[in-house]
Amino acid sequence: MEKPFVHKIFYRLAGVESVISRNIARRGSHSWGQEALKYHKTWQDELEENLRELGLQDKLKRFDHHLAHSATAYFASGLERALIVTLDGYGSGLAGSVCIGEGTHIRRIHKLEYPHSLGTFYESVTSSLGFKPSRHEGKIVGLAAYGNPEILLDTILSRFDQEPGNFRVRESNNIYFSRYLATLFPKIDVAAAYQRALEVVATNYVQHHVQQTGIDAIVFAGGVAANVKLNQRIFEIPEVNHIFIYPNMGDGGCGTGAAFLVSREIMENREPYQTVYFGSDYSDAVIIQELRAAGLAFEKVTPIEPVVAKLIHDGKVVARFNGRMEYGPRALGNRSILYRATEPEVNQWLNQRLGRTEFMPFAPATLFEERYRCYDNVDGAEHAAQFMTITFNCTDFMKRNSPAAVHVDGTARPQLIREEANPSFYRIVREYYQLSGIPSVINTSFNMHEEPIVNSPGDAIRAFLQGNLDYLAIGNLLVRHPMQAR
Ligand SMILES: [Fe+2]
């Protein structure tokens, strides 16, 4: 499907800016200011040229990077008053900020100047443990749960200067330091200590500003907000009663933040995000054409949801492609691979089949109404949990019935599904619940190793065949894998 005109601009802006932010953040040296200016010039020229190509001549309106992050979390939360926290690698000279959002106004009360960056801090350990920085941080979060954080925690914390409501990352707290630790200590203990240090420094920072302002609702964005475990810790700060994390928390969200800021006058009547199904969708005719072109047999099944539920109950892997694609990094049911959460072993064999290395188990998708049976301390974080952005401690019921979705530390990062947000996906899980008595299924993104989540029917068919998955439920059509491996 041809992308709408505004999407073209949006994708170009987001793409160009994220490349620049990454490059600047990676340098992290004394010359970063000059480098930033050089990149800025190149970026500016390229952007103006691209806009001209699209026939847009209007004057550009520019926003501070962290203000754009702040706007995403605040306006999408739907709250009338909140403490807005941003933490990332680098953007507009900053690595973080705290603002107060009230009505349609955002007022900054603290800024963290680069290089005092928790994003760069976490990227250094990601790289030192052999993974790709700015990309594989989630693997470190998963790995950390296996290790003992206490062995190195004090050593790492001694390289921060923490004061009330502020912190500085010492120059010696750099990639050479994390590499050194990674050569001397087990990876799991290094990961655990970095994760814990991140949690300590970030929660101290946030807690001070919560206490000073008396605002108990946090909204959070920036790349560091992708750390689902940190988000749980922030929510556990005693004075915090509400948390929302912007579903597209990284720099991919900044274009939307800028759009919110220029539309401030209509933001007065804003509604909280109920879904992020903002992407492309495809008609049955297009899907059928693609299936025929791939030589795949299919049958039309209406309604398809009870059939998918039965397949999941019978132990089949079902790749689901339906409606609009999700905006942001998480698959939330419309481009998802589904399986029953009853067997922990699925985390090995299915990841292997998908060509992935993961240390965190697959995430569960759980019926919203059943949240208290499955998770502790949900109230105040249920909006965030609709987008799989925070972990919770699991109940015994969850651990007993859905062990494949529970990490070694007893947590899970669920997607709570509301019927009104995604009626078809909700129905699949509800039908599965009726068959099994279990209100959760595993939901992992529909993509192959290191590839983006599938967007088009063609992408879906290719990943389905390559991953050797049992069934593809695409629109109202059901496709059985020609090999039916399992
Ligand atoms: Fe950012």
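Look above for the structure.
Everything numeric in this text was worked out from a predicted model, so none of it was measured.

Draft legend 1. Quick peek at the overall build of the protein. Along the protein, the regular secondary structure elements total 18 helices and 17 strands. Over its C-alpha atoms the protein spans a radius of gyration of 22 Å, differing by no more than 12% from the 23 Å that the globule rule assigns to 486 residues. Relative to its full complement of 486 residues, the protein shows a buried share of 56%. For the protein, the share of sequence-separated contacts (at least 6 apart) that also reach a separation of at least 24 residues comes to 70%. Surface exposure of the protein reaches about 20,400 Å², of which carbon and sulfur atoms provide 50%. Of the charged side chains in the protein, 51 are positive and 54 negative, and the gap between their average positions amounts to 4 Å.

Draft legend 2. Region of interest: the sheet that holds strand β7 (residues 242-245). If you walk across this open sheet you meet the 5 strands as β3-β2-β1-β6-β7, and the pairing is mixed. A strand with exactly one partner marks an edge of an open sheet, and here the two such strands are β3 (105-113) and β7. The average undirected angle you get between the axes of adjacent strands in this sheet is 20°. Two elements, strand β6 (residues 217-221) and β7, share 4 bridges in a ladder whose sense is parallel. Paired with A217 across the strands is H242, a residue of β7. Sheet contacts for helix α3 (residues 65-77): β1 (81-91), β2 (94-102), β3, β6 and β7; angle to β1, the most-contacted strand, approximately 140°. Across the face of the sheet, helix α8 (residues 187-213) comes into contact with β1, β2, β3 and β6 while running at roughly 150° to β1.

Draft legend 3. Summary view of the packing of aromatic side chains. With the rule as written, the count across this model stands at 16 aromatic pairs. Three or more aromatic residues link up through ring pairs in this structure, and these residues are F121, F160, F167, Y194 and Y205. One residue, R159, lies across the ring of F177, its end atom 3.7 Å from the ring centre. Against the face of F397 rests R373, its NZ or CZ located 4.0 Å from the ring centre.

Draft legend 4. Up close: empty space enclosed by the protein. Within the structure shown, the criterion is met by 2 cavities of 30 Å³ or more. Estimates place the volume of the largest cavity at around 70 Å³. As for the largest cavity, its lining consists of 13 residues, of which Q274, Y277, Q386, Q415 and A421 are closest to the centre. Looking at the second largest cavity, the residues that line it are I304, E305, V308, R320, F321, N322, S424, I428, A473 and G475. Class assignment of the residues belonging to the lining of the second largest cavity gives a composition of 5 nonpolar, 3 polar and 2 charged.

Draft legend 5. Broad picture of the nonpolar core. Counting 98 residues, the largest nonpolar core has L118, I156, I218 and F446 as the members making the most contacts within it. Per element, the largest residue contribution to this core is 12 residues, and it comes from α8. Discounting residues that sit within four places of it in the chain, L118 has contacts with L87, D88, F160, F167, L198, V201, A202 and V224. Judged by nonpolar contacts, the second largest core, of 26 residues, contains A73, Y74, A217 and Y246.

Draft legend 6. Quick look at the pairing of strand β15 (residues 440-445). Among the 6 residues in β15, 5 count as buried, and that is most of the element. Bridging between strand β10 (residues 335-340) and β15 involves 5 bridges; their strand directions are antiparallel. Bridged to R340 within β15 is V441. Sheet analysis places strand β11 (residues 363-367) next to β15, joined by 4 bridges and oriented antiparallel.

The rules behind each value
Residues numbered from 1 in each chain as written. Predicted model: local features only at pLDDT ≥ 70, side-chain atom pairs only at ≥ 80, totals over all residues. Heavy atoms only, no water. Helix = DSSP H or I, 4+ residues; strand = E, 2+ residues; numbered from the N terminus. Rg over C-alpha atoms; globule rule 2.2 N^0.38 Å. Buried < 20%, exposed > 50% of the residue type's maximum accessible area, 1.4 Å probe, protein only. Contact = heavy atoms within 4.5 Å. Areas by Shrake-Rupley, 256 points an atom, 1.4 Å probe, with all protein chains shown as cover. Lys, Arg positive; Asp, Glu negative; His and termini not counted. Charge placed at Lys NZ, Arg CZ, Asp CG, Glu CD. Pairing = 2+ DSSP bridges. Axes fitted to C-alpha atoms, helices over the stretch in contact; angles between N-to-C directions. Phe/Tyr/Trp six-rings, centres within 6.5 Å; stacked < 30°, edge-to-face > 60°. Lys NZ or Arg CZ within 6 Å of the ring centre and 35° of its normal. 1 Å grid on protein atoms, 1.4 Å probe; cavity = no way out; pocket = protein on both sides within 12 Å on 5 of 7 lines; lining within 4 Å. Points joined across faces, edges and corners; volume = space filled by probe spheres on them. Nonpolar A, V, L, I, M, F, W, Y, C, P; charged D, E, K, R; others polar. Core = buried A, V, L, I, M, F, W, Y, C linked by side-chain atoms within 4.5 Å.

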